[in-house]
Amino acid sequence: MNEICSNTLSDRKYSAGLSSVPDDRFESKDKSLCRNNSGVEGCAWWEKDDFQSILECVPIGIREIVYYFLLSDVKDKKTILEEFLKCGIDSENKILANVHNPLVYQIFRKARSVRRQIHKWKGVLRFKEIEGGYLYASFSSEFDIIYPLAKHFGERFNTERLLIHDLGRDKAVYVESGSIYHIEFFGMIPPESDAEKFFCRLWKLYFNSVSIEERKNEGLQNRCLPRKFQNWLCEFSNNELKRIRNTAQQLELF
Amino acid sequence: MLIKSSSDSFQKLLILTQGARYDVSCATSGVDRKALRGKLGNAHLPGLCHSWSSDGRCISLLKTLMTNECVNNCAYCINRCKNDVQRTAFVPDELARLTYEFYRRNFIEGLFLSSGIEWDADRTMEKMVNTAKILRERYGFYGYIHMKILPGASDNAVEEAIKIADRVSINLELPTQESLKKLAPQKDFSQMLLTICRINKIREDLLSWSSSLRIFGAKGGQSTQIIIGATPDTDRQILTLSDYLYSKLKLKRVYYSAYIPINHDESLPPIAKPPLVREHRLYQADWLIRFYGFRVEELFEEGKQNLSERFDPKLVWALRNLDFFPVEITKASLSEILRVPGIGPISARRIIKARRNGYISFEDLEKLGVVMKRAKYFITIRGKVYQGVDSNNLSNLESIFSGVRSLGDERDLFEYALG
């Protein structure tokens, strides 16, 4: 495994059961978790997974907020939610009017941070082309956000076959033509394709060349992209950076 | 594989992206295009940032030049024809492939394609449009494309670019005719304003007549860029121009770019550092004009031509108009609440929704996103002032705020950008 993805995969336990056919390296647990009919059924996407039965009891106006809250890392979410539902709040406006209630504020605030983190990951989740032509992405987050991410990337990259892997929870999904499948890895993740290394190096080169020396502001960079995200990105891995600089020096460009 | 030798493509990428990095525009918001089965990519309405470079700017598009060859000799530009720099160009196929490969790895939101002018504007634009066509047709790419309109492009070239892009832009570069004449003798200010009008016209015609163009058709509108500090032009002149561009020419964004001395030229001012604070203040003022309902004249004291670097323009206005305050949060209109330092458009709207549905207190305001450290001096709730604030003695506010200079405290001014 080369340096690029060693930081994301090295300490994981994918050792046994190597199979040579890429399709056999993961198997479907549920048949189809979330058929995407692009809203034909008139039902919001977030009502379709794990929380469907809970969300049915939640007033429509706050379902989205409650859904995000349910993805958060708060303990006893269901108890908190039961208490919250007793308050009779049925719209976002009423949530805003009741932020003095600690229960309401907790749900409001957590939902906001989950939503923000989903947005961030939509930008920084990176796919690597692995053997067999799959695009593989791994991440880890204190929130259980693999479905909203799978939904986003399943639409955006609907021409590709995607594997998205939450390393912290060891939860993975396979996404193809808009359908999301629960899968389990048994065996090693197939190695990266040759093209992968090449494009990753081009990306790092680009990443360094767009920065303007006279405006250098690493504080701002770290505020916009906290370290917990940087660690997942190949453009922030230092060894690779040095290698790029050497290449550039050889080319007499710096 | 199109890219033959790796050192070749590394070098090309380096030269052409370094040549394009002074263009500030990076927005990918404002276009909502759902994914289509069998097509790669979509346009995400709020926009997405994919990384942040060490100068703190977000990276969302592959920002590059088609070629850094240029017939123009603009004093401020790294690619001016007089400069002895290595010249190179992308082949459309090659750049399309690169964009596609970057996109499917989720490195980028799409392509930002600018260029120097090789021979003439139309021939260069043809190459640019070709690149976009290959992306859209061969790769089925439905992600974001921002295309530069080169000065001097014909209607036909403009139309082709609009048909295929999500946003188009032409950079005015300098805010007045004289300044542009001095630094970019081959460009003409009024011609460029006319081009902006032409783009609007062509775009509207296309969108109203042809349904096949509704997929792209530059729905993200136009933007432009102005260099700050390379000429003696004042903030008032710059903001008056921006206001005109927003209100009359329907621009979506005006970008301000602090002048960075790249070339040695007697027409350029000798400065050591780019005027970053001034640039920041202009963005704040720009936000106040677009989202807070401020008029340009309100931002300047009688006779003053430049914004204060010491305080943000909203606070400056508040300190100059203390009789406008305190604002009674339970009764004031949205536009009045928006005048309070520390309250941005999002928290102001939340306040309105919250007070309609219940009882509101100072503690709640903080939870709704108000920066109380700033707002507490300027508001009352049911006639009461914030604990510890002496409403009769606001004359020393200036010295209070001198102590609080962190830009982070001004975050309400960029609430819209941060979402």
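Owing to the predicted nature of the structure, the values given are computational and were not obtained by experimental measurement.

The rules behind these values
- Residues numbered from 1 in each chain as written.
- Chains lettered and ligands numbered in written order.
- Predicted model: local features only at pLDDT ≥ 70, side-chain atom pairs only at ≥ 80, totals over all residues.
- Heavy atoms only, no water.
- Helix = DSSP H or I, 4+ residues; strand = E, 2+ residues; numbered from the N terminus.
- Buried < 20%, exposed > 50% of the residue type's maximum accessible area, 1.4 Å probe, protein only.
- Areas by Shrake-Rupley, 256 points an atom, 1.4 Å probe, with all protein chains shown as cover.
- Contact = heavy atoms within 4.5 Å.
- Phe/Tyr/Trp six-rings, centres within 6.5 Å; stacked < 30°, edge-to-face > 60°.
- Lys NZ or Arg CZ within 6 Å of the ring centre and 35° of its normal.
- Disulfide = S-S within 2.5 Å.
- Salt bridge = Lys/Arg side-chain N within 4 Å of Asp/Glu carboxyl O.
- Buried area = accessible area lost by both parts, 1.4 Å probe.
- Polar contact = N/O pair within 3.5 Å; in protein donor to acceptor, adjacent residues only side chain to side chain.
- Nonpolar A, V, L, I, M, F, W, Y, C, P; charged D, E, K, R; others polar.
- Pairing = 2+ DSSP bridges.
- pLDDT = per-residue confidence, 0-100.
- Core = buried A, V, L, I, M, F, W, Y, C linked by side-chain atoms within 4.5 Å.
- Expected span 1.5 Å × (residues − 1).
- 1 Å grid on protein atoms, 1.4 Å probe; cavity = no way out; pocket = protein on both sides within 12 Å on 5 of 7 lines; lining within 4 Å.
- Points joined across faces, edges and corners; volume = space filled by probe spheres on them.

A. Representation of the overall build of chain B in the model. For chain B, the count of helices and strands is 15 helices and 11 strands. Burial analysis of chain B (419 residues in total) assigns 60% to the buried set. Of the roughly 17,100 Å² of accessible surface on chain B, a fraction of 51% belongs to carbon and sulfur atoms.

B. Inspection of the overall build of chain A at higher detail. The helix and strand inventory of chain A stands at 11 helices and six strands. Across chain A, every contact between residues at least 6 apart in sequence was considered, and the portion connecting residues at least 24 apart equals 67%. For chain A, the exposed surface amounts to about 11,800 Å²; the carbon and sulfur share of it is 47%.

C. Representation of the packing of aromatic side chains within the structure. Applying the stated rule across the entire model yields 31 aromatic pairs over all chains. Aromatic side chains A:Tyr67 and A:Tyr68 sit 5.9 Å apart centroid to centroid with 55° between the ring planes, which places their arrangement in the tilted category. A relative accessible area of 0% means that A:Tyr67 is categorised as buried. When its relative accessible area of 10% is taken as the criterion, A:Tyr68 is described as buried. Judged by centre distance (5.2 Å) and plane angle (80°), the rings of B:Tyr256 and B:Tyr283 are edge-to-face. Separated by 27 residues along the polypeptide, B:Tyr256 in strand β8 (residues 253-258) and B:Tyr283 in helix α8 (residues 276-291) bring together distant segments of the chain. Judged by relative accessible area, which is 0%, B:Tyr256 ranks as buried. What links up through ring pairs into an aromatic cluster is the set B:Phe294, B:Trp317, B:Phe324, B:Phe325, B:Tyr377 and B:Phe378. When the ring centre of A:Tyr134 is taken as origin, the NZ or CZ atom of A:Arg161, which lies over that ring, is 4.2 Å away.

D. Fine view of the state of the cysteines. Residues and elements named next belong to chain B. Enumeration according to the criterion identifies zero disulfides over all chains in this entry. Cysteine 49 takes part in no disulfide bond, and the closest cysteine sulfur, belonging to cysteine 58, lies 3.2 Å away. In this structure cysteine 74 is a free cysteine whose sulfur lies 6.1 Å from that of cysteine 77, the closest cysteine sulfur available. Under the relative-accessibility criterion, cysteine 74 is labelled buried at 7%.

E. Structural view of the pattern of salt bridges. Taken as a whole and judged by the stated rule, the model has 40 salt bridges over all chains. Its salt-bridge partner being A:Glu155, residue A:Lys151 comes within 2.6 Å of it at the nearest N-O pair. Pair noted here: A:Lys151 and A:Glu155 are both in helix α7 (residues 146-156), with a separation of four residues, about one helical turn. Ionic pairing is found between B:Asp166 and B:Arg33, a salt bridge with its closest N-O pair at 2.7 Å. Here B:Asp166, found in the loop between α4 (155-164) and β6 (167-169), pairs with B:Arg33, found in the loop between α1 (6-20) and β1 (51-52); they are 133 residues apart in sequence, far enough to count as distant. Considered together, B:Asp166 and B:Arg33 belong to a single accessibility category, that of buried residues. Linked by salt bridges that have partners in common, A:Glu129, A:Glu160, A:Glu196, B:Arg97, B:Glu101, B:Arg104 and B:Arg105 make up one network.

F. Focus on the interface of chain A and chain B. Across the contact, 62 residues belong to chain A and 68 residues belong to chain B. The contact between chain A and chain B buries some 5,900 Å² in all, and 61% of this surface belongs to carbon and sulfur atoms. Considering only the side of chain A, the residues that lose the most area to chain B are A:Arg156, A:Phe199 and A:Arg215, jointly responsible for 14% of the buried surface there. B:Arg105 is the partner of A:Glu196 in a salt bridge, and the nearest nitrogen-oxygen pair spans 2.8 Å. At the junction of chain A with chain B, the criterion picks out 29 residue pairs in polar contact (both at pLDDT 80 or more). Take the side of chain A that touches chain B: its biggest share by element is 12 residues, from helix α8 (residues 194-209) of chain A. Counted by class, the side of chain A that touches chain B contains 30 nonpolar, 15 polar and 17 charged residues.

G. Layout of the pairing of strand β5 (residues 171-176) of chain A. Residue and element names in this part refer to chain A. Among the six residues that make up β5, five are buried, leaving the element largely enclosed by the rest of the structure. With six bridges connecting them, strand β4 (residues 161-166) and β5 associate as antiparallel partners. Counted as the bridge partner of isoleucine 164 is valine 173 from β5. Counted between consecutive antiparallel strands, the loop separating β4 from β5 contains four residues, among which aspartate 170 sits at a positive phi close to 50°. Examined bridge by bridge, β5 and strand β6 (residues 179-185) share five bridges and lie antiparallel to one another. From the neighbouring strand, tyrosine 174 faces β6, where its bridge partner is tyrosine 181. Linking two consecutive strands that pair antiparallel, namely β5 and β6, is a turn of two residues; a positive phi of about 35° is found at serine 177 within it.

H. Representation of the confidence of the model for chain A. Residues and elements named next belong to chain A. Per-residue pLDDT for chain A has a mean of 77; in total, 74% of the residues score no lower than 70. Taken element by element, the predicted model of chain A shows its lowest mean pLDDT in helix α1 (residues 3-9) (29) and its highest in helix α6 (residues 102-124) (95). For the stretch residues 1-47, pLDDT sits under 50, and the model shows 104 contacts to residues farther than four places along the chain or on other chains.

I. Geometry of the nonpolar core. A:Ile164, B:Met147, B:Leu239 and B:Leu365 are the most contacted members of the largest nonpolar core, which has 200 residues in total. With nine residues, α6(A) is the single largest residue contributor to this core. Beyond its immediate sequence surroundings of up to four residues, B:Leu239 is in contact with B:Tyr256, B:Leu282, B:Ala285, B:Asp286, B:Ile289, B:Val296, B:Leu299, B:Phe300 and B:Leu307. Listed in part, the five residues of the second largest apolar core include B:Val31, B:Ala43, B:Leu61 and B:Phe112.

J. Spatial organisation of helix α6 (residues 189-209) of chain B. Between the first and last C-alpha of α6(B) there are 31 Å, a value that for 21 residues agrees with the 30 Å anticipated at 1.5 Å per step. Here the buried face of α6(B) lies against α4, β6, α5 (177-183), β7 (222-228) and α7 (235-247) of chain B.

K. Quick peek at empty space enclosed by the protein. All names here are of chain B. Evaluated as defined, the whole model comprises nine cavities of 30 Å³ or more. Taken as a whole, the largest cavity encloses approximately 590 Å³ of empty space. Considering the residues around the largest cavity, the lining is formed by 32 residues, among which Asp23, Tyr76, Cys77, Asn171 and Glu173 are closest to the centre. Mapped by element, the contributors of at least two residues to the lining of the largest cavity are α1, β7 and β8.

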